[in-house]
Amino acid sequence: KLRDLDKAHQDALGQVLSPAELEAYNLRNSDTARQLRGNLAAFDPTEQEFKTLFKLQAEFDARYSNLYGVSSPDEQRQRMEAQRQLTEQMKAALGPVRGEEYERASDYSYRQTSQLVARLELPAETTARVWEVKKDIEQRSMSLYRDQSLAADERRTRLAALAEESTARLSPLL
């Protein structure tokens, strides 16, 4: 019923607004636009980039939005694959440099770091520097976990050293 009400609302708006006005309304007021703005808070898209991403996200949402029901495991798998494809489409639409920036900025941890940096009133580039340290430490710790030749004590010692290094590298940034 809620889905039908949403459709009826869009249809009613389409009766009183021109196509351009309806598009502008949806870019500002739709659930897709609100969610996209939240997801892009650390990305700072241009108006054209936002419109491009909105169009792709709206198509995805129209097909895979399941706000009013429970998805089966198969539907969840299909949605996850479609989400992966959507991310690739968005990156391709933005180009190589902005696409990489988008992917990084759409990561929840990156957005949280961006909010922290803003709250601390630090330069915006601090977010990228913190992110680089985070990714480096994560990769190195995963290597330690995967290294089967390390004894448990040696692994713990190296992970502790990595934690100390992480603090030493992040403290001056923050």
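Basis of the calculations
Residues numbered from 1 in each chain as written. Predicted model: local features only at pLDDT ≥ 70, side-chain atom pairs only at ≥ 80, totals over all residues. Heavy atoms only, no water. Helix = DSSP H or I, 4+ residues; strand = E, 2+ residues; numbered from the N terminus. Contact = heavy atoms within 4.5 Å. Expected span 1.5 Å × (residues − 1). Buried < 20%, exposed > 50% of the residue type's maximum accessible area, 1.4 Å probe, protein only. Arc of directions from axis to C-beta. pLDDT = per-residue confidence, 0-100. Axes fitted to C-alpha atoms, helices over the stretch in contact; angles between N-to-C directions. Parallel < 35°, antiparallel > 145°, perpendicular 65-115°, else oblique. Nonpolar A, V, L, I, M, F, W, Y, C, P; charged D, E, K, R; others polar.

Colleague: Please set out the side chain of Ser-30 residue by residue, giving values where relevant.
Modeller: One can find Ser-30 in the loop between helix 2 (19-29) and helix 3 (31-39). Residues within four places of Ser-30 in sequence aside, it is in contact with Tyr-25 and Phe-54.

Colleague: Please provide a residue-by-residue account of helix 9 (residues 152-173), values included.
Modeller: The first and last C-alpha atoms of helix 9 sit 32 Å apart over 22 residues, in line with the 32 Å expected at 1.5 Å per residue. Restricting attention to buried positions, one finds in helix 9 the residues Arg-155, Leu-159, Leu-162, Ser-166 and Leu-173. Looking straight down helix 9, one finds that the buried residues subtend no more than 60° of arc, so they occupy a single side. When the buried face of helix 9 is taken as reference, the exposed residues oriented beyond 90 degrees from it are Asp-153, Arg-156, Thr-157, Glu-164, Ala-168 and Pro-172.

Colleague: How would you sum up the confidence of the model for the protein? Please name residues and give values.
Modeller: On average, the protein scores 91 in pLDDT, and the residues at 70 or more come to 97%. By mean pLDDT, helix 1 (residues 2-16) is the weakest element of the protein at 86, and helix 9 is the strongest at 95.

Colleague: How would you sum up the packing of helix 2 against helix 3? Please name residues and give values.
Modeller: Axis separation between helix 2 and helix 3 bottoms out at 5 Å; the angle between their running directions is 45°. As the angle between them shows, helix 2 and helix 3 are arranged oblique. Residues Asn-26, Leu-27, Arg-28 and Asn-29 of helix 2 form the contact with helix 3, whose participating residues are Asp-31, Ala-33, Arg-34 and Arg-37. Tallied by class, the residues present in the contact of helix 2 with helix 3 amount to 2 nonpolar, 2 polar and 4 charged.

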